[in-house]
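# Close look at the chain arrangement
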Amino acid sequence: MDKKYDYLLVGAGLFNGVISYYARKAGKSCLVVDKRPELGGNVYCEEIEGINVHKYGAHIFHTNDRKIWDFVNSLGECNRYTNSPIANYKGEIYNLPFNMNTFNRMWGVITPDEARAKIESQRASIKGEPKNLEEQAISLVGEDIYRKLIKGYTEKQWGKDCKELPSFIIKRLPVRYYYDNNYFNDRYQGIPEGGYNVWINKLFEGADIRLNTNFLPHREELSKLCKNIIYTGPIDEYFDFSEGELEYRSLRFETELLDKADYQGNAVVNYTDRETPYTRIIEHKHFEFGKGDKTVITKEYPVDFEKGMEPYYPVNDQKNQEIYKRYKEKAEQMNKDRADGKPRVIFGGRLGAYQYYDMDKVIAAAFEFCEEEFK
């Protein structure tokens, strides 16, 4: 039987969005399926009282790649938003990333030399190679910053004591000996005016869409419709967990509409003490410099991942990387062994590649695929 579509795109996030966009330009047909009720994956925005709410967590676009920056702005122009989060430690406010404003608030130091001397004196307690995340953090930024701004936040994020976490999680921490609250070092950053749905709608324009559709229970019938499958769901789930379950951390969101113009004066406030159960509060209107007399906030709670939850953060330790490697080899072998008429299956995106991708890196990976596929 003739295949109706050139590509079945499983998952409606940025990776498949870029492929859909370039497939259409190449004259190819796409069917997009996603188990959620909306397009966009984790960048989907829900409008509440005229505010674009980042429903699945805050997304701030940033890149050093001019080609990617020009591409996303061709979909919808970015504003001038600059990510400058603050940390709230038991009512004490600190600027992030760690810079001279942070050091002045922490110790009263004014010059870079004073800040360096303070950190150097506090790093001396760690001898030899750091054995865990706690020792790694202290060796980089000293005791005070670790205790107030890293320890509690990190333990909430990963659900473990910092002494139980591997040091590689924070091999580097941004430390700036100058006064600059811009979180990212990338040349370009911003939020699309009108929210990420502006980009998503352009990316998937012309494709056939089936939402509220879980691919795996229907893989046989859906696979008959297409020549190729681009799968961006969890790779272990695709193979029925035959090589073991990959580990993730998940998130729970509590979103509130408040009858006030401004709740916290900033888009992102991290709560770095261990006792506050959430890691941060997002105030969405600040992403697009919103006015108006109402605001929407979201409290973000890290949780242990269980089946049925959204997997957000891969646990990229050695054990999980070995499991993923076996799945990757299985995927390669499956494509080599496929019978005539059976679609090729490409695994990509955050879950298909078991990687925590920034948005620009997802787009770069999709570019790489498209340049080879549609040349």
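Look a little higher up for the structure.
Since the model is a prediction, treat every value here as computed from it, not as a measurement.

Calculation rules
Residues numbered from 1 in each chain as written. Predicted model: local features only at pLDDT ≥ 70, side-chain atom pairs only at ≥ 80, totals over all residues. Heavy atoms only, no water. Helix = DSSP H or I, 4+ residues; strand = E, 2+ residues; numbered from the N terminus. Buried < 20%, exposed > 50% of the residue type's maximum accessible area, 1.4 Å probe, protein only. Contact = heavy atoms within 4.5 Å. Axes fitted to C-alpha atoms, helices over the stretch in contact; angles between N-to-C directions. Parallel < 35°, antiparallel > 145°, perpendicular 65-115°, else oblique. Left-handed = near helix turned anticlockwise from the far one by under 90°. Nonpolar A, V, L, I, M, F, W, Y, C, P; charged D, E, K, R; others polar. Core = buried A, V, L, I, M, F, W, Y, C linked by side-chain atoms within 4.5 Å.

## Some points on the side chain of threonine 295
With respect to the element layout, threonine 295 can be found in strand 14 (residues 295–304). Judged by its relative accessible area of 0%, threonine 295 falls in the buried class. Contacts of threonine 295, omitting those with residues within four sequence positions, involve Ile51, Glu256, Leu257, Leu258, Lys260, Ala261, Tyr263, Glu283 and Lys285.

## Quick notes on the packing of helix 5 (residues 133–141) against helix 6 (residues 143–158)
Their axes nearest at 9 Å, the elements helix 5 and helix 6 cross at an angle of 140°. Between helix 5 and helix 6, the interaxial angle falls into the category oblique. Here the hand of the crossing between helix 5 and helix 6 comes out right-handed. Touching Leu133, Glu134, Ala137, Ile138 and Val141 of helix 5 are Glu143, Ile145, Tyr146, Arg147, Ile150, Lys151 and Thr154, all from helix 6. Taken together, the residues of the contact of helix 5 with helix 6 sort by class into 7 nonpolar, 1 polar and 4 charged.

## A short note on unusual backbone geometry
With an omega of -5°, the peptide bond between leucine 96 and proline 97 qualifies as cis. Position of proline 97 relative to the elements: it lies in the loop between strand 7 (92–95) and helix 3 (100–107). The residue phenylalanine 289 is not glycine, and still its phi comes out positive at about 55°. You can see phenylalanine 289 is positioned in the loop between strand 13 (280–283) and strand 14.

## With respect to the nonpolar core
Counting residues in each nonpolar core, the largest one holds 47 residues, and the members touching the most others are Phe61, Phe71, Leu203 and Phe287. Secondary structure elements with two or more residues in this core: strand 1 (5–10), helix 1 (14–25), strand 2 (30–33), helix 2 (66–75), helix 7 (197–203) and helix 12 (359–373). The contact partners of phenylalanine 61, leaving out residues within four places of it in the chain, are Ile68, Trp69, Val72, Tyr188, Gln189, Gly190, Tyr196, Trp199, Met359, Asp360 and Ile363. In terms of nonpolar packing, the next biggest core, distinct from the first, is built from 27 residues, Ile235, Tyr238, Ala331 and Ala353 among them.

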